[in-house]
Amino acid sequence: MDTTICDTSAFLFWRTPPLARLLAAAPEDHDLLRHLAEPARLAELRADLAACSPLGVQASAPASWHAHYGPRSRVLLDSAALLAVPFDGPVDVLASAPGERLPTRVARPRVWRDPLAPHEAVSVGLGLRVVSPALALQQVAARANLTRTVMLASELCGSFSVYQPPEPLRAFLQRLADEGLLPSYGGWRAALDNDGRLTGLWTHAPLATPAALARQAEASGEPRGRARLAEAAGLVRAGAASPFEARTGMLLGLSRRRGGEGYGGFEHNHRIALTAAAALLARRRACYCDVYWDGPLPDGIAGLDLECQSTSHHFGAKSSVSDADRATALQTMGIEVAQVTFAQIADPVTFEVFSEHLARRLGIFRPEKTEAQLRAQANLRRELFVGWEDLPAT
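Computed from a predicted structure; not experimentally measured.

(A) Main features of the side chain of E222. Counting through the fold element by element, E222 comes out in the loop between α11 (210-219) and α12 (226-235). Judged by relative accessible area, which is 6%, E222 ranks as buried. In this structure E222 touches W112, R113, D114 and Q138, once residues within four positions along its chain are discounted.

(B) Quick look at unusual backbone geometry. G295 connects to P296 through a cis peptide bond whose omega is 5°. By the secondary structure assignment, P296 is in strand β10 (residues 286-297). For the bond running from L391 to P392, omega is 5°, close enough to zero to count as cis. Within the element layout of this structure, P392 appears in the segment after α18 (371-384). The backbone phi angle of D7 is positive, close to 55°, even though this residue is not glycine. If you trace the backbone, D7 turns up in helix α1 (residues 7-15).

(C) Structural context of the sheet that holds strand β9 (residues 266-273). Taken in spatial order, the four strands of this open sheet run β9-β10-β11-β12, and their pairing is mixed. Two strands bound the open sheet, and with one partner strand each, they are β9 and β12 (335-341). The mean inter-strand angle of the sheet, taken between neighbouring strand axes irrespective of direction, is 45°. Strand direction decides the pairing type here: β9 and β10, joined by seven bridges, are antiparallel. Bridged to I272 within β10 is C287. Relative to the sheet, helix α17 (residues 348-362) contacts β10, β11 (301-309) and β12, its axis offset from that of β11 by approximately 160°.

(D) Molecular detail of the pairing of strand β7 (residues 189-192). Sheet analysis places β7 next to strand β8 (residues 198-203), joined by three bridges and oriented antiparallel. Note that in β8 the partner of L192 across the bridge is L198. In this antiparallel pair of consecutive strands, β7 and β8, the connection spans five residues, and G196 shows a positive phi of 85°.

(E) Structural detail: the side chain of T149. Note that T149 resides in helix α9 (residues 146-156). Assessed through its relative accessible area of 0%, T149 is described here as buried. When near neighbours in sequence (up to four residues on either side) are disregarded, T149 contacts L137, A141, A144, R228 and A232.

(F) Structural context of the environment of R283. Among the secondary structure elements, R283 is positioned in the loop between α14 (276-282) and β10. On a C-alpha basis, the gap between R283 and P27 in space is 43 Å, while along the polypeptide they are 256 residues apart. Of the polar contacts made by the side chain of R283, one reaches the side chain of D325; its length is 2.8 Å.

(G) Layout of the packing of aromatic side chains. Tallied over the full model, the rule gives six aromatic pairs. Ring geometry for F13 versus W14: centroids 5.5 Å apart, planes at 90°, classification edge-to-face. A single burial state applies to F13 and to W14, both of which are buried. On the basis of an interplanar angle of 85° and a centroid distance of 5.6 Å, the ring pair of F244 and F342 is categorised as edge-to-face. Residue F244 is found in helix α13 (residues 243-253), and its partner F342 is found in helix α16 (residues 342-346); the two are separated by 98 residues along the sequence.

The rules behind these values
- Residues numbered from 1 in each chain as written.
- Predicted model: local features only at pLDDT ≥ 70, side-chain atom pairs only at ≥ 80, totals over all residues.
- Heavy atoms only, no water.
- Helix = DSSP H or I, 4+ residues; strand = E, 2+ residues; numbered from the N terminus.
- Buried < 20%, exposed > 50% of the residue type's maximum accessible area, 1.4 Å probe, protein only.
- Contact = heavy atoms within 4.5 Å.
- Pairing = 2+ DSSP bridges.
- Axes fitted to C-alpha atoms, helices over the stretch in contact; angles between N-to-C directions.
- Polar contact = N/O pair within 3.5 Å; in protein donor to acceptor, adjacent residues only side chain to side chain.
- Phe/Tyr/Trp six-rings, centres within 6.5 Å; stacked < 30°, edge-to-face > 60°.

Right under this line is the structure:
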């Protein structure tokens with residue numbers, strides 16, 4: 001019977017860039033590996049990863065250390081190189097009955113009585129499977145509150161993941177970046193800061209959709225986490241490209257009852273095809289708006305593009321000059337461009353000023369908040385402004 005990674009461990013597995021798993025566990029004669037590292041350097045990296053990973057240490061220990069482990073743990077040890085890069089362990093694994101819950105240093109059984117449908121798990125190694133991102137989120141949602149569930153749903157339904165690799169792998173990836181050799185792989189690309197350093201942010205196609213999360217909740221025969229996942233699926237805004245954008249979308253889009261501003265109707269990373277004149281100014285045929293409200297809006301505005309300005313990461317050359325050209329191009333089409341910084345959304349006082357300005361541009365009446373709404377706002381901010389990389393364990 002296969003060992004199935006689930007819950008928090010499964011979420012972390014899907015958050016891990018395919019390049020990390022390639023470097024840690026793919027056959028040494030893989031074409032890309034041969035391009036990225038000499039065999040001796042690759043062997044050194046893998047030895048360093050094993051040495052700094054509790055799973056790797058357990059796997060390399062004498063057989064007597066884990067002779068009493070059950071088959072689930074032994075499968076995990078056999079795949080220790082693959083699993084050392086997503087997490088340290090113990091690894092969350094499915095158990096179908098309470099009698100199977102005996103944990104080890106390697107495995108942490110999670111009882112899940114609902115049999116898995118074929119689409120709810122995929123094979124990732126010999127005798128090893130991992131549950132789907134949607135099911136992993138349902139299992140996490142059984143313990144997480146609604147805000148954290150929506151945050152994690154924003155990551156799955158967005159185009160980003162936050163991944164902090166073990167130090168040997170981080171150093172190796174940074175060296176590749178310094179040498180201009182850090183590749184896109186499996187549709188994933190690393191973000192670098194303005195000094196060329198890794199940021200922990202990776203871009204890729206969405207791992208799920210709000211509709212897929214809703215289907216998971218509806219079809220699940222396991223009640224735990226089901227209602228919260230369904231609620232989160234109805235609240236999440238797809239398409240965020242970073243935690244900054246996801247937080248901004250939640251602060252602006254959630255209802256006042258939930259602590260947000262209630263400025264709905266926007267899209268993340270909305271594509272706008274530029275007119276011929278605008279394309280000449282922007283030197284591109286289309287552009288994407290971080291948070292976009294379609295018009296008509298007051299003062300004849302055709303739409304409002306809110307850009308989340310950050311110097312902490314980039315996915316390519318994006319200078320202030322090109323930003324200015326882009327803004328001018330959109331303005332020729334009647335689209336207003338506004339900017340917000342992380343400091344402005346993180347500070348409650350400056351966010352209040354920004355929100356008031358945004359409401360005027362959107363033509364939204366903004367009454368004073370009630371005591372209950374202010375408490376909800378404080379609770380939302382307390383949940384939102386944590387280290388995203390610490391989720392979902394936090």
